[in-house]
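Single-letter residue listing:
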Amino acid sequence: MKSPFKLLVVLALMLAVFSQHTAASAGDISKFSGRSAQAFFFTQQDECVGTFVGLFANEGKFQNPPGSPGQGRFADAFIDRFNFCTGESVFFAFGSKALDASEFSIDRGLNSASLTTSMEMFAFTPGGEFTFIADIDMNWTGIGQLVRESFSFKSQTPKCKFMTSSRGSFRSAEASGVISDGSENFTPGSTQDAFLTQTRSGTWVVGCN
């Protein structure tokens, strides 16, 4: 049975891969080595509707072979508002962007991290699609022991194969802050889960276009 940390890292890797490639082609390979901060929130709007939020900020080296390696910082986020009574999505939005050193920092000991940026989000609702700017101001504080982990994960459908593996260190954390569209803060409560990690990972995607 996979630990919650492993499942959350799988989600982070999948989101990063598919946000970096609008159409993953056959045999896409992505590699990453560096530090990351992850935060997950859940807010209950009423007895039926709840909102999940995931935020991922990364700093390190990345490569999509046969291309040359690159180095930098990038962030990914999603907002998923779901009606559990009807089984329907009310609102889903995602975004990804490159960052500079002034927007994201994470210390080498995985004790703390901070992210302050604005990100374009692509939103989907039953009524249509639109874009908006999310202002993000998030801080992480490490609270757990530094733990080493390694794992692999595989998912396959008739048209899509996804495989990933990772090894490195992680520390549980608390995260607090704001992800806002200017009228609503999508992260008003404390995190469900948060982690600071240093990993070396790779993913392989086939046919997921």
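Cut-off values and rules
- Residues numbered from 1 in each chain as written.
- Predicted model: local features only at pLDDT ≥ 70, side-chain atom pairs only at ≥ 80, totals over all residues.
- Heavy atoms only, no water.
- Helix = DSSP H or I, 4+ residues; strand = E, 2+ residues; numbered from the N terminus.
- Buried < 20%, exposed > 50% of the residue type's maximum accessible area, 1.4 Å probe, protein only.
- Contact = heavy atoms within 4.5 Å.
- Areas by Shrake-Rupley, 256 points an atom, 1.4 Å probe, with all protein chains shown as cover.
- Salt bridge = Lys/Arg side-chain N within 4 Å of Asp/Glu carboxyl O.
- Phe/Tyr/Trp six-rings, centres within 6.5 Å; stacked < 30°, edge-to-face > 60°.
- Polar contact = N/O pair within 3.5 Å; in protein donor to acceptor, adjacent residues only side chain to side chain.
- Pairing = 2+ DSSP bridges.

Points about the overall build of the protein chain
Counting its regular elements, the protein chain contains 1 helix and 10 strands. Ordered by position from N to C terminus, the α and β elements of the protein chain give α-β-β-β-β-β-β-β-β-β-β. Buried residues in the protein chain amount to 44% of all 209 residues. At a minimum sequence separation of 6, the contacts of the protein chain that also span at least 24 residues come to 66%. Roughly 10,800 Å² of accessible area belongs to the protein chain as shown, and the carbon and sulfur atoms make up 52% of that amount.

Regarding the pattern of salt bridges
In this structure the tally under the stated criterion is 4 salt bridges. As a salt-bridge pair, R81 and E184 come within 2.5 Å of each other at their nearest N and O atoms. With a gap of 103 residues between them, R81 in strand β3 (residues 70-83) and E184 in the loop between β9 (161-180) and β10 (193-206) connect regions that are remote in the sequence. Residue R81 is classed as buried on the basis of its relative accessible area of 14%. Taking the shortest distance from any N to any O, the salt bridge between E103 and K97 comes out at 3.2 Å. The class for E103 is buried, based on a relative accessible area of 15%. K97 sits in the partly exposed class, given a relative accessible area of 23%.

Regarding the packing of aromatic side chains
Scanning the model with the defined rule gives 16 aromatic pairs in all. Look at F92 and F94: their rings are 6.4 Å apart centre to centre, the planes differ by 40 degrees, and that puts the pair in the tilted class. Judged by relative accessible area, F92 falls into the partly exposed class, the value being 29%. Taken together, F42, F52, F82 and F84 form an aromatic cluster joined through their ring pairs.

A short note on the side chain of S36
Within the fold, S36 resides in strand β1 (residues 28-44). The exposure class assigned to S36 is buried, which follows from its relative accessible area of 4%. A polar atom in the side chain of S36 sits 2.7 Å from the side chain of N58. The contacts of S36, once residues within four sequence positions are left out, are A57, N58, I106, F195, L196 and T197.

What to know about the pairing of β9
Bridge count between strand β7 (residues 128-142) and β9: 8 bridges; the pairing is antiparallel. In the sheet register, G142 faces β9, and the bridge partner there is A173. Here strand β8 (residues 147-156) runs beside β9; their pairing, made up of 10 bridges, is antiparallel. Following the sheet pairing, S152 is matched in β9 by S165.

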